[in-house]
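# Close look at the chain arrangement
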Amino acid sequence: MNIPEPKSHLDVAINQHLVPQCYMREWSYNGGNSVWIYNKKELFNETKPENSDWSITSKSTKKINAIDYFHDLKAGSNYLPDDALEEIFGFLSAFTINLDGEKLETLTDLNRNYHRHEEWHIVDSTGNSISDVDKAKIEAYLNESRYVYIETEWNKAYENNWRSYITGIEEKVRKLKESVPPEEKEAQPAYGITKYDLDLIFKYLLIYDWRSFEGNDEFNKAIECVRNIIPEIMNLDISEEDRTHQEDTTVIDAFAHDLRLKYFIQFLKDDTGILRTCIDQYEKNLQICFLLTDKEHPFITSNTPAFVFVREDGYKEHILVARPTMIVSLGRGEKNHFIVSNLLPEQVEIYNRGIAKHGHLLIVPEENYDIATLFAEKV
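When helices and strands are tallied, the chain shows 13 helices and 14 strands. Based on the C-alpha atoms only, the size of the chain along its principal axes is roughly 85 × 50 × 45 Å. Counting the 379 residues in the chain, one finds 47% classified as buried. Considering only contacts within the chain whose residues lie at least 6 apart along the sequence, 72% involve residues at least 24 apart.

Next comes the structure, spelled out in structure tokens:
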């Protein structure tokens, strides 16, 4: 029988960015290709900061904040939507496949038993067992095929328009800050920022939060609870040959990774699931504050561009470092209203210290940026 070629999608990136290149390019010094970085994870000395290496290096945005195949779903994933099952396993409907004397009836059965595919007894439509050559072709198809909906849809739905959108938002709020009378502290959508703009801000903040290397804090807490309930299972190592994603070395790693991808698909396909629930709650309960600075006192960013920032007074803000000159902050306030605030240099420093504390790979505006000041004890 004819075995199809693997659906390897050579036109879709293998090295997939958790922090999109379009986002990092706002900090680029050479037209979008490269940024200045400080690798805190490797160079910073937590116990004796004064002994840290403060070296800043240049990196291409193509080569940082990315993991191979991170957003792909493949044969053996804990979660495959129907169209992914059809794409990866659908051609096998022409065969009869048994394992341990039991027929694997559905595409879901095939996926659940993928890691034992070498033990499958496969019979063609004539009732004959397939040849070793055809079995090898099937194995190659399953090993090499990838469902790439998440990667392509992130790009189409949210990444392509990011830079023009966020630049336009900053231009609007700066004009607004200049034109609104001083006694009017709160600005309404009538001043140029529409409800659509506000809704999209909430979406982008949650997207960048969930897509980051660290991931959403509340999700991480829930995953840790699952680990603690059944640690003897969740902490089991996964052998290298059985890993769907090579970075997932334990059962809990794979479980959390696949669950994140499930949430992404629900959001991208149907605008449903946990991300939509979070966005709805944010829109209902929180108010946006646009925090502005100037080019002489820019914000840094990191591998975690959106996170919960804990201020010195204990107040929590969910922030997105949107551009070198603008942070989007969420706090309690009036629905569909927002605030625009110009920060003093010392206030910018406080946010930068928080960004440096939270992130592991810092992106800074220039080669000679004084990284050490971000970690120095305040007098």
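So, about the environment of isoleucine 327. Mapped onto the elements, isoleucine 327 comes out in strand β12 (residues 326-332). Placed 132 residues apart in sequence, isoleucine 327 and lysine 195 show a C-alpha to C-alpha distance of 19 Å. Excluding its chain neighbours within four sequence positions, the residues that come into contact with isoleucine 327 are Cys289, Phe290, Leu291, Phe299, Ile319, Leu320, Val321, Ala322, Tyr351 and Ile355.

This part covers unusual backbone geometry. Phi is positive for tyrosine 69, which is not a glycine, with a value near 65°. Within the element layout of this structure, tyrosine 69 appears in the loop between β4 (66-68) and α3 (82-89). With phi around 55°, aspartate 100 is a residue other than glycine that occupies positive phi space. Relative to the helices and strands, aspartate 100 resides in the loop between β5 (96-99) and β6 (102-103).

Another point: the packing of aromatic side chains. Scanning the entire structure with this criterion turns up 23 aromatic pairs. Seen from their ring centres, tyrosine 158 and phenylalanine 267 are 5.9 Å apart, and the 20° between their planes marks the pair as stacked. A residue pair is termed long-range when its members are at least 10 positions apart, and tyrosine 158 in helix α6 (residues 149-159) and phenylalanine 267 in helix α11 (residues 251-270) qualify at 109 residues. A single burial state applies to tyrosine 158 and to phenylalanine 267, both of which are buried. Arranged with centres 5.6 Å apart and planes meeting at 80°, the rings of phenylalanine 290 and phenylalanine 338 form a pair that is edge-to-face.

Taken in spatial order, the 4 strands of this open sheet run β3-β2-β14-β9, and their pairing is antiparallel. Unpaired on one side and paired on the other, β3 (57-60) and β9 (301-302) mark the two borders of the sheet. Across 4 bridges, the pairing between strand β2 (residues 34-39) and strand β14 (residues 361-364) is antiparallel. Across the sheet, residue tyrosine 38 finds its bridge partner in β14, namely leucine 362.

Right, let's talk about the environment of asparagine 336 for a bit. Of note, asparagine 336 is situated in the loop between β12 and β13 (338-342). Given a relative accessible area of 31%, asparagine 336 falls into the partly exposed group. Between the C-alpha atoms of asparagine 336 and glutamine 21, which are 315 residues apart in sequence, the distance is 30 Å.

Soluble, globular proteins show a tendency: their nonpolar side chains are buried together. Of all hydrophobic cores here, the largest spans 106 residues; its most connected members are Phe89, Leu92, Trp120, Leu142, Trp162 and Phe290. If we ignore the near neighbours within four places in the chain, the residues touching leucine 142 are Ala75, Ile88, Phe89, Phe91, Leu92, Tyr114 and Trp120.

One way to put it is that α11 packs onto helix α12 (residues 273-285) with a least axis distance of 6 Å and a crossing angle of 65°. The angle between α11 and α12 falls in the class roughly perpendicular. Here α11 contributes Tyr263, Gln266 and Phe267 to the contact with α12, which in turn contributes Gly273, Ile274, Leu275, Arg276 and Ile279. For the contact of α11 with α12, the per-class residue count stands at 5 nonpolar, 2 polar and 1 charged.

Over its 13 residues, helix α9 (residues 217-229) runs 19 Å from end to end, which matches the ideal 18 Å to within 8%, given 1.5 Å per residue. Two to three positions downstream of the cap, the backbone nitrogen of glutamate 218 sits 3.0 Å from a side-chain oxygen, assigning the N-cap of α9 to asparagine 216.

On to the sheet that holds strand β7 (residues 121-123), then. Pairing between the strands of a sheet comes from backbone hydrogen bonds, and it takes one of two forms, parallel or antiparallel. The sheet built from 3 strands is open, its strands ordered β6-β5-β7 with antiparallel pairing. Only two strands of the sheet have a single neighbouring strand rather than two, namely β6 and β7. As defined by bridge partners, β5 adjoins β6 across 2 bridges and the pair is classed as antiparallel. Among the inter-strand pairings, asparagine 98 is bridged to a residue of β6, identified as lysine 103.

Moving on: the pairing of strand β8 (residues 286-292). With 7 of 7 residues buried, β8 is to be regarded as a mostly interior element. Burial along β8 is two-sided: Leu286, Ile288, Phe290 and Leu292 and Gln287, Cys289 and Leu291, pointing in opposite directions, are all buried. Alignment of β8 against β12, held across 7 bridges, turns out to be antiparallel. Note that in β12 the partner of isoleucine 288 across the bridge is leucine 330. Inspection of the sheet shows β8 paired to β13 by 5 bridges, in the parallel sense. What sits directly across from phenylalanine 290, in β13, is valine 340.

What follows is about the side chain of threonine 301. With respect to the secondary-structure elements, threonine 301 resides in strand β9. The exposure class assigned to threonine 301 is buried, which follows from its relative accessible area of 0%. In this structure the side chain of threonine 301 is engaged in a polar contact, spanning 2.6 Å, whose partner is the side chain of tyrosine 23. Beyond its immediate stretch of four places on either side in the chain, threonine 301 contacts Tyr23, Trp27, Val321, Ile355, Leu361, Leu362 and Ile363.

Let us now look at the pattern of salt bridges. Close approach of charged atoms lets side chains of opposite charge pair. Following the criterion strictly, the structure yields 19 salt bridges and no others. Across the pair arginine 116 and aspartate 100 runs a salt bridge whose closest N-O atoms are separated by 3.0 Å. One end of the pair, arginine 116, is in the loop between α4 (107-112) and β7; the other, aspartate 100, is in the loop between β5 and β6, with 16 residues separating them in the sequence. On the basis of relative accessibility, which here comes to 31%, the residue arginine 116 falls in the partly exposed class. On the basis of relative accessibility, which here comes to 59%, the residue aspartate 100 falls in the exposed class. Put simply, arginine 311 and glutamate 317 hold a salt bridge, and the shortest N to O gap is 3.9 Å.

Parameters and conventions
- Numbering of residues begins from 1 in every chain and follows the order in which that chain's sequence is written.
- For this predicted model, a pLDDT threshold of at least 70 governs which residues receive local features, and a threshold of 80 or more governs which side-chain atom pairs are given and counted, while totals over whole chains, interfaces and linings are taken from all residues.
- Only hydrogens and water are removed before side-chain values are computed, so all heavy atoms of the structure are retained for them.
- Each helix is a run of H or I in the DSSP string that is no shorter than four residues. Each strand is a run of E no shorter than two, and both are numbered from the N terminus.
- A 1.4 Å probe rolled over the protein chains alone gives each residue an accessible area, and that area as a share of the maximum for its type sets the label: buried under 20%, exposed over 50%, partly exposed in between.
- Contacts: residue pairs with any heavy atoms within 4.5 Å of one another.
- For Phe, Tyr and Trp, rings pair up if their centres lie within 6.5 Å, where Trp contributes its six-membered ring, and each pair is then called stacked (planes under 30 degrees apart), edge-to-face (over 60) or tilted (otherwise).
- Strand pairing is assigned whenever DSSP detects at least two bridges linking the two strands.
- Residues enter a nonpolar core if they are buried and are Ala, Val, Leu, Ile, Met, Phe, Trp, Tyr or Cys, with the set joined through side-chain atoms within 4.5 Å.
- Here, axes are lines fitted to C-alpha atoms. For helices the fit covers the stretch in contact, and angles between N-to-C directions go from 0 to 180 degrees.
- Roughly parallel means an angle under 35 degrees; roughly antiparallel means over 145; roughly perpendicular covers 65 to 115; every other angle is labelled oblique.
- Side-chain classes are defined by residue name, with Ala, Val, Leu, Ile, Met, Phe, Trp, Tyr, Cys and Pro counting as nonpolar, Asp, Glu, Lys and Arg as charged, and the others, Gly among them, as polar.
- By this rule, a helix spans an expected 1.5 Å times one less than how many residues it contains.
- N or O atoms closer than or at 3.5 Å make up a polar contact, with two conditions inside protein: a donor-capable atom paired with an acceptor-capable one, and, for residues adjacent in sequence, both atoms drawn from side chains.
- By salt bridge we mean one thing: a side-chain nitrogen of Lys or Arg within 4 Å of a carboxyl oxygen of Asp or Glu.

Interpretation note: all reported values are geometric properties and have no functional meaning in isolation.
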